[in-house]
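# An overview of the molecular structure
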Protein chains: 2
Amino acid sequence: MKAVIFDLDGTLVDTVYAHTLAWYRVLHEAGIHVEAWKIHRLIGMSGGLLTKAAGHEIGRDLAETEVEQLQTRHGQVYAELLPDRRPLPGAVDLLRYLRTARIAHGIATSGRRADVKASLAALEVGDDLVVVDRSDVARAKPEPDLFLACQERLKVGPEECYVIGDAVWDLLAARRASMLGVGLLTGGYGEQELAQAGAYRVYRDPAELLSSIYQLGLRTSE
Amino acid sequence: MKAVIFDLDGTLVDTVYAHTLAWYRVLHEAGIHVEAWKIHRLIGMSGGLLTKAAGHEIGRDLAETEVEQLQTRHGQVYAELLPDRRPLPGAVDLLRYLRTARIAHGIATSGRRADVKASLAALEVGDDLVVVDRSDVARAKPEPDLFLACQERLKVGPEECYVIGDAVWDLLAARRASMLGVGLLTGGYGEQELAQAGAYRVYRDPAELLSSIYQLGLRTSE
């Protein structure tokens, strides 16, 4: 195996619960009454898909303009709820290890660029890190496009890539991209939920992944 | 079976995610850096136990005064994050059904009285409902005291009671009280986590429990 592709929110930075509560509040403001535990399980999709899925949950088709407005409002509420973001345990060390060991790696996220930037700053990574975000592809997770775009930029084959993610959507998208998905518990899913979505392995957090990295058989890129 | 004892937060009202984020923020303010997914899995314990468990997680023993201050601060932040609370789907109907069918039932919660009051108002229950809260017992969940105190007030035997809860702590406390625990997914735990903690059955939410109530073999109280 030659490369590691990371999800961002909930996998490297501790943001899933703030995203969940921000969506909960924004959707309720708009009269879309969906329970928080269901919203939690939609995080990892793009904001657009999440909004449509929430509408679907209560039997309402949302217009594109409404979807766009809700996403903007989510950005505002999210920033209020979580003024600063923290890397998950081991995330900074894991990225540093891969850099030092010259193992190809990148980030593929359903997030929007402005939000992604703040997370990357917290992770202390350089501008040379390969990052693919929502604006780079036509369709977000659970479509495989984000991971495939990242893999192309890393110049490796899909079957040589691990995808590291905290959400069922990461693991489902990894399978559709012919990659091996590795689950982390840091997003708040149960271990069994990740295993059922096809996780090749499940670790507690980036720190446990780093301490077990020999299990993954990663090779230095030429 | 003659009685149903309900947990409150995450079981009847949709408050777990706001509690999680409020604790996350309050603990981080105090320099206690615990990840949100771990805090999520501590919800359902009393605030005091949760605070101590969070301190333990980072290897710090917290003084009683600090624990008390953190709980007060949590109350403030929680109220800001979730100005109004919503019943979970089916919760109001389920309580109404039990009332109408004259099946003994009550609420046993690790919450504090002021917070509990606001939730009871949202659930449209009368003052005659048996409610046991943190101030009624010496030790909160996962100790069985809350459920045993509720069962005594309902005047039934422990082995005649179901406990309905969303958290692993409810199910563990139910077993220690010799009651049968029924899990709901509304608190955001995975089904397997609830089953592993000893759930006799797991339902999606109060609505699914109500539509399946014949499975529980409940009898009208004399």
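Starting from 1, residues in each chain are numbered consecutively following that chain's sequence as written. Naming scheme: in the order in which they are written, chains are lettered from A and ligands are numbered from 1. The model is predicted, so local features are restricted to residues of pLDDT at least 70 and side-chain atom pairs to those at 80 or more, both for listing and for counting; the totals for chains, interfaces and linings are taken over all residues. Hydrogens are left out, water is left out, and the side-chain values use all remaining heavy atoms of the structure.

### As for the overall build of chain A
Secondary structure elements follow DSSP: runs of H or I of four or more residues count as helices, runs of E of two or more count as strands, with numbering from the N terminus. Helix and strand content of chain A: 10 helices and 6 strands. In terms of overall size, chain A behaves like a compact globule, its C-alpha atoms giving a radius of gyration of 17 Å where 222 residues would be expected to give roughly 17 Å. By its C-alpha atoms, chain A is 55 × 30 × 30 Å across when sized along the principal axes. Only protein chains enter the accessibility calculation, which uses a 1.4 Å probe. A residue is then buried if its area is under 20% of the maximum for its type, exposed if over 50%, and partly exposed in between. When burial is assessed residue by residue, chain A has 59% of its 222 residues classed as buried. In what follows, residue pairs with any heavy atoms lying within 4.5 Å of each other are defined as contacts. Counting contacts in chain A only where the partners sit at least 6 residues apart, residues at least 24 apart contribute 63% of the total. What sets the accessible areas is the Shrake-Rupley method with a 1.4 Å probe; for residues, cover comes only from the shown protein chains. A total accessible area of about 9000 Å² is found for chain A, and carbon and sulfur atoms account for 49% of it. Our radius of gyration looks at C-alpha atoms and nothing else; its globule reference is 2.2 Å times the residue count to the power 0.38.

### Considerations on the pattern of salt bridges
In the sections that follow, a salt bridge refers to a side-chain nitrogen of Lys or Arg positioned within 4 Å of a carboxyl oxygen of Asp or Glu. Evaluation of the coordinates by the stated rule reveals 36 salt bridges over all chains. Here arginine 85 of chain A and aspartate 115 of chain A are joined by a salt bridge, their closest N and O atoms 2.6 Å apart. Residue arginine 85 of chain A is located in the loop between α4 (64-81) and α5 (91-100), and its partner aspartate 115 of chain A is located in helix α6 (residues 113-122); the two are separated by 30 residues in the primary sequence. For the pair arginine 85 of chain A and aspartate 115 of chain A, a shared accessibility class is recorded, and that class is buried. The residue glutamate 160 of chain B makes a salt bridge to lysine 2 of chain B at a minimum N-O spacing of 3.3 Å. Linking glutamate 160 of chain B in the loop between α7 (145-154) and β4 (161-165) with lysine 2 of chain B in the segment before β1 (3-6), this pair joins segments that are 158 residues apart in sequence.

### Here's the deal with the interface of chain B and chain A
With 31 residues of chain B in contact, the opposing surface of chain A contributes 31 residues. Along the contact surface separating chain B from chain A lie 0 salt bridges. Identification of polar contacts relies on pairs of N or O atoms within 3.5 Å, with a donor-acceptor requirement for protein atoms, meaning one able to donate a hydrogen and the other able to accept it, and with residues adjacent in sequence counted only if both atoms are side-chain atoms. Our count for the chain B to chain A interface comes out at 12 residue pairs in polar contact (both at pLDDT 80 or more). Elements with a minimum of two residues in the side of chain B that touches chain A: α1 (16-29), α2 (36-40), α4 (64-81) and α9 (191-196) of chain B. If you tally residues by element for the side of chain B that touches chain A, the top one is α1 of chain B, at 7 residues. In terms of residue class, the side of chain B that touches chain A is built from 12 nonpolar, 8 polar and 11 charged. Side-chain classes are defined by residue name, with Ala, Val, Leu, Ile, Met, Phe, Trp, Tyr, Cys and Pro counting as nonpolar, Asp, Glu, Lys and Arg as charged, and the others, Gly among them, as polar.

### Quick look at empty space enclosed by the protein
All names here are of chain A. Every definition here rests on a 1 Å grid over the protein atoms only: cavities are sets of points where a 1.4 Å probe fits but cannot get out, pockets are open sets enclosed by protein on both sides within 12 Å along at least five of seven lines, and lining residues have some atom within 4 Å of a point. Grid points are joined across faces, edges and corners, and a volume is the space filled by probe spheres set on the points. Taken as a whole and judged by the stated rule, the model has 1 cavity of 30 Å³ or more. Each pocket or cavity is described by its volume, and for the largest cavity that value is around 40 Å³. Around the largest cavity, the lining residues are Val4, Phe6, Leu94, Leu98, Ile164, Leu209, Ile213, Leu216 and Leu218. Elements that contribute at least two residues to the lining of the largest cavity include exactly β1 (3-6) and α5. Looking at the lining of the largest cavity residue by residue, the classes come out as 9 nonpolar, no polar and no charged.

### With respect to the sheet that holds strand β6 (residues 201-203) of chain B
Residue and element names in this part refer to chain B. Pairing between strands is defined by DSSP: at least two bridges between the two strands are required. Spatial ordering of the open sheet is given by β3-β2-β1-β4-β5-β6, a layout of 6 strands whose pairing is parallel. Each edge of the open sheet carries a strand with a single partner, namely β3 (130-132) and β6. Averaged over neighbouring strand pairs, the angle between their axes works out to 25° when direction is ignored. Sheet analysis places β1 next to β4, joined by 4 bridges and oriented parallel. Looking at β4, one finds that phenylalanine 6 is bridged to isoleucine 164. Most of the contacts of helix α5 (residues 91-100) go to β1, to which it runs at about 150°, and overall it touches β1 and β2 (104-108). Only the contacting stretch of a helix is used when fitting its axis, a line to C-alpha atoms as for every element, and angles between N-to-C directions run 0 to 180 degrees. Sitting on the sheet, α7 touches β1, β2, β3 and β4, and the angle it makes with β3 is about 155°.

### Thoughts on the side chain of lysine 38 of chain A
As for its position among the elements, lysine 38 of chain A is in helix α2 (residues 36-40). Owing to a relative accessible area of 14%, lysine 38 of chain A belongs among the buried residues under this scheme. At a separation of 2.9 Å, a polar atom in the side chain of lysine 38 of chain A contacts the side chain of glutamate 57 of chain A. Those residues in contact with lysine 38 of chain A that lie beyond four places of it in its chain are Glu57 of chain A together with Arg204 of chain B.

### Considering the relation of the copies chain B and chain A
To line up the copies, we fit them by least squares on C-alpha atoms, keeping just the residues with pLDDT of at least 70 in both. Rotating chain B by 180° and moving it 0.0 Å along the rotation axis overlays it on chain A with an RMSD of 0.0 Å. Between the two chains, the operation in question is that of a two-fold axis. The C-alpha atom lying nearest the rotation axis in chain B is that of glycine 190 of chain B; the distance is 2.4 Å. When the interface residues of chain B are mapped onto chain A, 100% of them again fall at the interface, so both copies present the same face.

### Topic: the sheet that holds strand β6 (residues 201-203) of chain A
All names here are of chain A. Ordered in space as β3-β2-β1-β4-β5-β6, the 6 strands form an open sheet in which the pairing is parallel. The open sheet has two free edges, formed respectively by β3 (130-132) and β6, since each of these has just one partner strand. Direction aside, the axes of adjacent strands within the sheet are offset by 25° on average. Sheet analysis places strand β4 (residues 161-165) next to strand β5 (residues 180-184), joined by 4 bridges and oriented parallel. When the bridges of β5 are listed, tyrosine 162 appears paired with leucine 180. In this fold helix α7 (residues 145-154) packs onto β1, β2 (104-108), β3 and β4, with an angle of close to 155° to the strand it touches most, β3.

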